[in-house]
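# Commentary on secondary and tertiary structure
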Amino acid sequence: MTQHPGPGDSGLIFNEPVIFERGAPGRKGYSLPESELSGGEAEVDIEKELLREQEPLLPEVSEFDVIRHFTRLSQWNYSIDTGFYPLGSCTMKYNPKVNEAVASMPGWTQLHPLQDEDSIQGALELMFHLQQDLAKISGMDAASLQPAAGAQGEFTGLLMIRAYLESKGNPRKKVLIPDSAHGTNPASCAACGYEVVTLKSSSTGVLDPETVRQAMDEDVAALMVTNPNTLGLFETHIQEITKIVHDQGGLVYCDGANQNALIGKARVGDMGIDVLHFNLHKTFTTPHGGGGPGSGPVAVKKILEPFLPTPVIAHKEGHYYFDKNRSQSVGRVKSFYGNFGMLIRAYTYIREMGAEGLKQVAERAVLNANYVRVKLQDDLHLPYPQICMHEVVFSDKKQSEVGIKTMQIAKRLIDYGYHPPTVYFPLIVAGALMIEPTETESLHTLDSFIAAFKQILEECEIKPRLILDAPEVTHIRRLDEVRAAKQPHYIYTTKSEKQFKKHILKFLNSL
Amino acid sequence: MRYLPHTPEEIQKMCQDIDVQNIDELFQVIPEALQLKQLLDLEPPLCEIDLLKHMRELNHKNKNLLQVDAFLGAGAYHHYIPVAVNSLVSRGEFLTAYTPYQPEISQGTLQAIFEFQTMVASLTGMELANASNYDGASALAEAALMALRVTKRKKILLAKSIHPQYRHVLKTYLLHQNVEIQEFDWSENGRVTPALIKEYLDDQVAAVCIQSPNFFGIVENLSQLESQVHQAGALLIGCFSEAVSLGMLKSMGDQGADIVVGEGQSFGNSLNLGGPYIGLFATREKFVRQMPGRLVSETIDSEGNRGYVLALATREQHIRREKATSNICTNQGLCALTTAVYLSLMGPKGLARLARQNYDSSHYLQRSLSALPGVELKFASPFFNEFVLQFEMPVKDILFKLKEKNIFGGVMIEQDFPQLKNCLLVCATEMNSKKQMDHYMQALSEILNSEGSL
Amino acid sequence: MNYPEGLKYTNEHEWVKLEGNVATVGITDYAQDQLGDIVYLELPEMNKQYEQGETFGVVESTKSVSDLYMPITGKVTAINEPLIDAPEKINEDPYGEAWMIKIELSKLSQLETLLNANEYQNQVSNS
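When helices and strands are counted, chain C shows four helices and nine strands. Relative to the compact-globule value of 14 Å for 127 residues, chain C shows a C-alpha radius of gyration of 13 Å, a close match. Along the three orthogonal principal directions, the C-alpha set of chain C runs to about 35 × 35 × 20 Å. For chain C, the proportion of its 127 residues judged to be buried stands at 50%. The contacts in chain C between residues at least 6 apart in sequence include a share of 61% that link residues at least 24 apart. Of the accessible surface of chain C, which amounts to about 6,100 Å², a share of 42% is contributed by carbon and sulfur atoms. Each charge sign in chain C was given a centre, from 8 positive and 22 negative side chains, and these centres are 5 Å apart.

The next subject is the interface of chain C and chain A. Taken together, the contact between chain C and chain A spans seven residues of the former and five residues of the latter. Here chain C and chain A share an interface that buries about 460 Å² over both sides, 65% of which is from carbon and sulfur atoms. Of all residues in chain C, Val-39, Thr-62 and Lys-63 of chain C give up the largest surface area on contact with chain A, accounting jointly for 73% of the area buried on that side. For the pair chain C and chain A, the number of links is two salt bridges. We note a salt bridge from Lys-63 of chain C to Glu-481 of chain A, for which the minimum N-O separation is 2.8 Å.

Next up on the list: the nonpolar core. By size, the foremost hydrophobic cluster in this structure holds 154 residues, and its most contacted members are Phe-70 of chain A together with Ile-156, Val-208 and Phe-267 of chain B. Leaving out residues up to four positions away in the same chain, Phe-267 of chain B has contacts with Leu-123, Ala-243, Val-244, Leu-246, Leu-280, Thr-338, Thr-339, Tyr-342, Leu-343 and Leu-351 of chain B. Ala-143, Leu-343 and Leu-457 of chain A together with Ala-76 of chain B belong to the second largest nonpolar core, which has 148 residues in total.

Here the focus is helix 10 (residues 223–231) of chain B. Residue and element names in this part refer to chain B. Three or more residues of helix 10 are buried, namely Leu-225, Gln-228 and Val-229. For helix 10, the arc enclosing every buried residue in end-on projection is 100 degrees, short of the 170-degree limit, so these residues lie on one face. On its buried side, helix 10 packs onto helix 9 (194–198), strand 5 (205–211) and strand 6 (235–240). At the exit of helix 10 stands Gly-233, carrying a positive phi of roughly 80 degrees.

Definitions and limits used
Residues numbered from 1 in each chain as written. Chains lettered and ligands numbered in written order. Predicted model: local features only at pLDDT ≥ 70, side-chain atom pairs only at ≥ 80, totals over all residues. Heavy atoms only, no water. Helix = DSSP H or I, 4+ residues; strand = E, 2+ residues; numbered from the N terminus. Rg over C-alpha atoms; globule rule 2.2 N^0.38 Å. Buried < 20%, exposed > 50% of the residue type's maximum accessible area, 1.4 Å probe, protein only. Contact = heavy atoms within 4.5 Å. Areas by Shrake-Rupley, 256 points an atom, 1.4 Å probe, with all protein chains shown as cover. Lys, Arg positive; Asp, Glu negative; His and termini not counted. Charge placed at Lys NZ, Arg CZ, Asp CG, Glu CD. Buried area = accessible area lost by both parts, 1.4 Å probe. Salt bridge = Lys/Arg side-chain N within 4 Å of Asp/Glu carboxyl O. Core = buried A, V, L, I, M, F, W, Y, C linked by side-chain atoms within 4.5 Å. Arc of directions from axis to C-beta.

Right under this line is the structure:
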């Protein structure tokens, strides 16, 4: 391993088997009360054939075994807490610890969702204010906190659009989606029974009003946009575009994945957007948790308010309550009221930041992204060279001339101690490298990252072998994804384990 | 702002390097009319001391389950969470990682999910499980969608004894799929019988969905229905809301279900007023390509080491877009980890014992309460840890009076089931001591007596 | 990249080999290269009738997925069963062992809509 400016030198890396290979029969990790009811208890009256006969495959381990096992696993993870995570479109910013402290207060964690409203007034007050704050931040009129994640928010938003159009007599058939959109957009359309019409982005990277005008007709229910779009560019014609759609009776949905660029600086409500989802785990610092839980509130304009999922949190004469009496609602998308634990964190964050703080979030996020853009634009191909918002998209065009591809650059970054950017997305940029630094990273971190990146690009020319073999300092090396697809093992069984060990032996002999 | 590290000098330097005068110049790409000139109308910012004070004040406006005797279930259950669970799950390496797109630096999350998948598959009697759905309700809805894809049919049969919110969510999800949803009744003893579904089963039925224990806590017998459903060419979807029951009951996979889904909250996840919870989703390997959600598979690396990757991504929205099996991308990763840690601590014996304790407590409580005059056990069928009582007076009044005695006595169900007038769904878990349950009986007895004397 | 003469091609990267009124269909060398390691193949049932442009199957790599489009209207008269269990052959021998289906043509006039090797090669290099 050569000397390099990043923090990625190898440390202590432990081996750790799957947990089913730890422990011993009879060892235990639980602590349960002795039954006070024993002695007088009758036999179980459930039919014998409905009772479990065989023990499930769970490990028999001590508490310490569990602690050591999962602590070791945790050390194989890259995380925001350990390093720079410029994963574009995911907004991997610092997740404040105070959020966690607040969210773990028993006054929240020990609330049952079916308690009386009287006994959860604090929780309802929090949700009511968060609804209002999100509406204000986005320039919308109302919000629902129910959707469990961005994708469910999209589904909810489209359901509302459909319900609105149905109330006008015709649900229409199609939804327009730019070719740069997240895959969830078309998938959500399909879930709502809409046909997808893909719009081509213009050569400048933004949506051309003419393209929308030509695609727009009376069968189009909605346009789904992402603003800033997935190239990190502000959709400069957004007002004209939303007007074109509205003039023909359609509505405009905004994917809120990229709100970190706009918060306090511009509001989608002013742009003619009718419905927006937030990703609280992106913009509002709730932790990503290795893939969730997220939270995907939706904010809407007045015309869509009657269609919000039921229930909505309302307030009357000093009393907060669930308003379930909503005849035009699209229904319920989640049991109970949303990912409340995430809502607490987002609310805590907004209360700590305030209006000025949130505005600075967008400013610094955009500053950091443009800094990376300028510093790397001579080394990497930059297909859209204008000022970007919160993220910048490069491509591997230059490096591919010497046979080095985006994925290989990404893997090499790991050796330097960085999480790779989002790769191969958006689809309209071949070999895309999408970098979103976020506002919580310092100039020093950016400079180190840029220096590492430049060194890797130099290696492409002079030591391509290093790139092709990367990563080399991780707990494991490049994985055989073909095998995972063709001979998958989704669960641990003694049989699959035997096969697997045989395969490893065969593989090692072939090396 | 403590989360924003830039000094004024650094900002100046960065602007110079970018070749702009100041940050605002970067925002000139936004049309003038859309630039927000004033500050957002939000409450003023709080320092950490005031923030914690404010949040504690809000907190104290709630009454939490540690402050009362609660007997609430109905899809969310009060169970003990070992301290070790949160100690591990709150580690930053788990908490602040994202979806494991880069497997070489995400083996912690990936292996934990692989272990989670194994545990869920084993508990449900299935061949594989996915890396989680949002909650039990959306897992059921996704299972129904999957059955439509597998069978290419257009009808879903739902037991009315499935959690009403699950049915509601399923209907929302299927709203625009051009699908007919039919609901069938329970029999007098609260169970589904083959005769009840017979008239609905035709060659257009994609799936029959049954919950066990059902919404009334009653253990269903899926094996009795299985052959009938399969003969009709439909899939049998088994669903549960109380995961602890899996420690005691024969798995629904072993009873012939094709897809088993449910709520995993009971496995170490806090009640949290209803979320985040975790949808468990398991099925047979032959259906894997129609399965929604992320999946982890074991494989090897270039040096022959065991490792894990996300597999079969081609089913998913980022590749297959409008043809994807689901739009889900962010799932409940941290809750899956929580579940895996919890189940590791419990082990097979701990889980069995816990389940038995829930059974014992709830039966002790049921016998105590239904011995009171004016209280009737609604359904004469075996139940797991919750049961329905019927009163001779409105449940609302009883609950109100119990609340005055610091008891949350159960969940009223007649708003969802008008035919179950004056009925109360009562739950007892390992969190309810004998003393609490005796106190409940005494309080209820007093309330009913005083009503009687009016 | 290999573009054998004597085959016909579609814009969706299928190749067609004509023998009488029976056509053999597979995907091109370019298509397999774009997809990467192919891990899964779905083929239609025998005797199924398709219109030109309809999807008759799916091919998947670890990172990508593509529908297979009927190059010409007709009935499926043979499918390459062994290929389903060894889809990696599509990477190894796209024009030979990795043929996918044979179809009995019902609209021979549609042949004119297909590209020859030269035209297809041009189309690929312009994309």
